[in-house]
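# Coordinate inspection notes
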Amino acid sequence: MSRTLNEVPKEEIIEAVNALEPQAVEKLCELVRQDSLLGQENGAQALMAEHYGQLGLDVKSLSIDEAKVREHPAWSPSLVSYDGRANVIGVHRPKGEARGRSLILNGHIDVVPVGAETLWTRSPFSPWRDGDRLFGRGSADMKAGLVACLTAMQALKDLDFEPAAEVIMQSVIEEECTGNGALACLVEGYTADAALIPEPLNGIMSAQMGVMWLNLEVLGIPVHAAYAHEGTDAIRYTHYLFDALRELEQYWNEPANRHPAFQTFDHPVNFNLGKIEGGEWASSVATHCQAQIRLGYYPGVSPAEVRAEIEKRLSLAHAAHPAHESVQYEIHYGGFQAEGLEIDLDEPIIQLLSETHRDVVNAEPTFSPFTGTTDVKFFHLYGDIPSTCYGPVGADIHGIDEWVSISSMQQVAAVYALLIARWCGLNPQ
């Protein structure tokens, strides 16, 4: 006679997950070897499709219909073409009695640029292990999370069980710049009773910031460098305008102006001048400069409000500069136009996640606000799907020598496996 869920102790699920550690590490290494930068996600996505297929899921490739997502209020202006790039989705539908509650397990396959590769200990796309740490770009953010979800589902399969409700596994593109990959899944009708994203955010995420990207383009008057004082240097003027924006950053960071969810942070709002290109010739004053800027802002503030404040601040700074008649600037919005959010910690999925964490880890979970953005915003703000992030421990994300803890990846897999059993229910295979 087949066992029931009540006859499957948590220890057996944890053991099944632990037995899969060698395969999990190999899957993670395979994914890290794929340099799934913006526009280069196909190799890693092919691996994810293969892994979903091995779990017996109904695997689909979902191309992003930009005309559709552009009509959605959560759309962010895209940076590159979507031709030949797609999300990968694997859907489990129970063969036995359908009961329990459905679940989305979402993760992003894209990674950020590596920076100066000479600063890395080894090649960033050649994963290496040092004890419990596995290094490489994307190891923590967030390929280990994707692997943890695969391991959770495989462990239940190895125990001859299947989730008794629909489980939708999503490997999406563009989380690092627009979020349009996850948005496309929502627009195409993928929904569930809850959603989890295994981002490495040090506990259960309780809130996240809004994030906006913009390009600032400045044109000045050229002269020979011998008479540089007579020209208007576009590079210097770009820094002047960014300094005006930094005054807004300082204002939002003042304790009296902080959002309640971020009161414990010393500097929750961050404006970043991430990339700057300008000038034409060492002996000519720069006539042209472009800057790519990232701005953070609090939940409850709309992108439209942020854009209005930015444009007002830049206009006032420009008018106040003595050389304003000899220089012009333009603002272009591309990439994130993302709202922030707070999570209701009383939601059943959050309560069950907390309970399951306690049962597996034997410790209380931590609840942490995040000063960046994640794809949770689509589920939470636009899909009416209770959701949060809960993933493995890692460090140097977006930095040099990024790493993830293998033991924490396995721990997250065990939590997810037990949570699936409790949230979705289990049927014998």
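One structure accompanies this document, and this report is about it. (Residues numbered from 1 in each chain as written. Predicted model: local features only at pLDDT ≥ 70, side-chain atom pairs only at ≥ 80, totals over all residues. Heavy atoms only, no water.)

### Some words on the sheet that holds strand 18 (residues 394-395)
Condition: In this analysis, strands are considered paired if DSSP registers two or more bridges between them. Counting from the N terminus, the helices are DSSP H or I runs at least four residues long and the strands are E runs at least two residues long. Two residues form a contact once any of their heavy atoms are found within 4.5 Å. Working convention: axes come from line fits to C-alpha atoms, limited for helices to the stretch in contact. Angles between N-to-C directions cover 0 to 180 degrees.
Here four strands make up an open sheet; going across it, the order is 4-5-19-18 and the pairing antiparallel. Two strands close off the open sheet at either side, each with one partner strand: strand 4 (128-130) and strand 18. Packed onto the sheet, helix 5 (residues 139-158) meets strand 5 (133-135), strand 18 and strand 19 (403-405) and runs at close to 40° relative to strand 19. Each of strand 4, strand 5 and strand 19 is contacted by helix 11 (residues 406-424), which is oriented at about 55° to strand 19, the strand it contacts most.

### Digging into the pairing of strand 10 (residues 210-219)
Short version of the rule: Under the scheme applied here, a residue whose accessible area is under 20% of the maximum for its type counts as buried, over 50% as exposed, and between as partly exposed, the area being computed with a 1.4 Å probe on protein chains only.
With respect to burial, strand 10 is a largely interior element, seven of its ten residues being buried. As judged from the two bridges shared by strand 10 and strand 14 (residues 337-338), these two strands associate in the antiparallel manner. If you follow methionine 212 over to strand 14, its bridge partner there is glutamine 337. Here strand 10 pairs with strand 13 (residues 328-332) via five bridges, running antiparallel. In the strand pairing of strand 13, leucine 216 is matched with isoleucine 331.

### Quick look at the packing of helix 5 against helix 11
As a reminder, the rule being used: Just so you know how the angles are binned, under 35 degrees is roughly parallel, over 145 roughly antiparallel, 65 to 115 roughly perpendicular, and the rest oblique. Note on convention: near helix rotated counterclockwise from far helix by under a right angle means a left-handed crossing. Clockwise means right-handed. Amino acids outside the nonpolar list (Ala, Val, Leu, Ile, Met, Phe, Trp, Tyr, Cys, Pro) and the charged list (Asp, Glu, Lys, Arg) are all regarded as polar, and Gly is one of them.
Where helix 5 meets helix 11, the closest approach of the two axes is 8 Å, and the angle between their N-to-C directions is 50°. Between helix 5 and helix 11, the angle is such that the two are oblique. Read as a crossing pair, helix 5 and helix 11 show a hand that is right-handed. On the side of helix 5, the interface is formed by Ala144, Val147, Ala148, Cys149, Thr151, Ala152, Met153 and Leu156, while helix 11 contributes Met409, Gln410, Val412, Ala413, Tyr416, Ala417 and Ile420. Looking at the contact of helix 5 with helix 11, its residues break down into 13 nonpolar, two polar and no charged.

### Quick word on the packing of aromatic side chains
Here is the rule we go by: Classification of ring pairs rests on two measures: the distance between centres of Phe, Tyr or Trp rings, Trp counted by its six-membered ring, which must be within 6.5 Å, and the angle between planes, read as stacked under 30 degrees, edge-to-face over 60 and tilted in between.
Taken as a whole and judged by the stated rule, the model has seven aromatic pairs. Taken together, a centroid distance of 5.6 Å and an interplanar angle of 50° make the contact between phenylalanine 262 and phenylalanine 265 tilted. Given a relative accessible area of 0%, phenylalanine 262 falls into the buried group. Where phenylalanine 262 meets tyrosine 298, the ring centres are 6.2 Å apart and the plane angle is 45°; that geometry is what we call tilted. Linking phenylalanine 262 in the loop between helix 7 (234-253) and strand 11 (271-278) with tyrosine 298 in the loop between strand 12 (288-297) and helix 8 (303-320), this pair joins segments that are 36 residues apart in sequence. Tyrosine 298 carries the same exposure label as phenylalanine 262, and that label is buried.

### Focus: the nonpolar core
Heads up, the condition is: Residue types Ala, Val, Leu, Ile, Met, Phe, Trp, Tyr and Cys, when buried and joined through side-chain atoms within 4.5 Å, form a set referred to as a nonpolar core.
Leu103, Leu105, Met169 and Tyr416 are the most contacted members of the largest nonpolar core, which totals 94 residues. Residues in contact with methionine 169, not counting those within four places in the same chain, are Tyr52, Leu55, Leu57, Val88, Ile89, Gly90, Leu105, Cys149, Leu150 and Met153. In this structure, Leu216, Ala234, Phe242 and Val327 belong to the second largest nonpolar core, which totals 29 residues.

### Considerations on unusual backbone geometry
The omega torsion of the bond from aspartate 141 to methionine 142 falls at -10°, within 30 degrees of zero and hence cis. Mapping methionine 142 onto the fold places it in helix 5. Positive phi, close to 55°, is recorded for aspartate 384, a residue that is not glycine. Within the fold, aspartate 384 resides in the loop between helix 10 (376-382) and strand 17 (387-389).

### Things to note about the side chain of lysine 143
Our working definition: As used throughout, the charge tally considers Lys and Arg to be positive and Asp and Glu to be negative, leaving His and the chain termini uncounted. By definition, a salt bridge exists where a carboxyl oxygen of Asp or Glu is found within 4 Å of a side-chain nitrogen of Lys or Arg. N or O atoms closer than or at 3.5 Å make up a polar contact, with two conditions inside protein: a donor-capable atom paired with an acceptor-capable one, and, for residues adjacent in sequence, both atoms drawn from side chains.
Secondary-structure assignment places lysine 143 in helix 5. Here lysine 143 occupies a buried position and makes no salt bridge, while the nearest side chain of opposite charge, aspartate 35, is found at 7.6 Å. Within the structure, the side chain of lysine 143 is placed 2.8 Å from the side chain of serine 36, a separation counted as a polar contact. The residues contacting lysine 143, other than those within four sequence positions of it, are Leu28, Leu31, Val32, Gln34, Ser36, Ile109, Val111 and Gly138.

### Describing the pattern of salt bridges
For the structure shown, the criterion picks out 17 salt bridges. The closest approach of N and O atoms between arginine 85 and glutamate 174, which form a salt bridge, is 3.1 Å. Taken together, the positions of arginine 85 in the loop between helix 4 (66-70) and strand 2 (86-92) and glutamate 174 in the loop between strand 7 (167-172) and helix 6 (180-187) put the pair 89 residues apart, joining distant regions of the chain. Each member of the pair, arginine 85 as well as glutamate 174, carries the same accessibility label: buried. A salt bridge links arginine 358 to glutamate 364; the shortest N-O distance between them is 3.3 Å.

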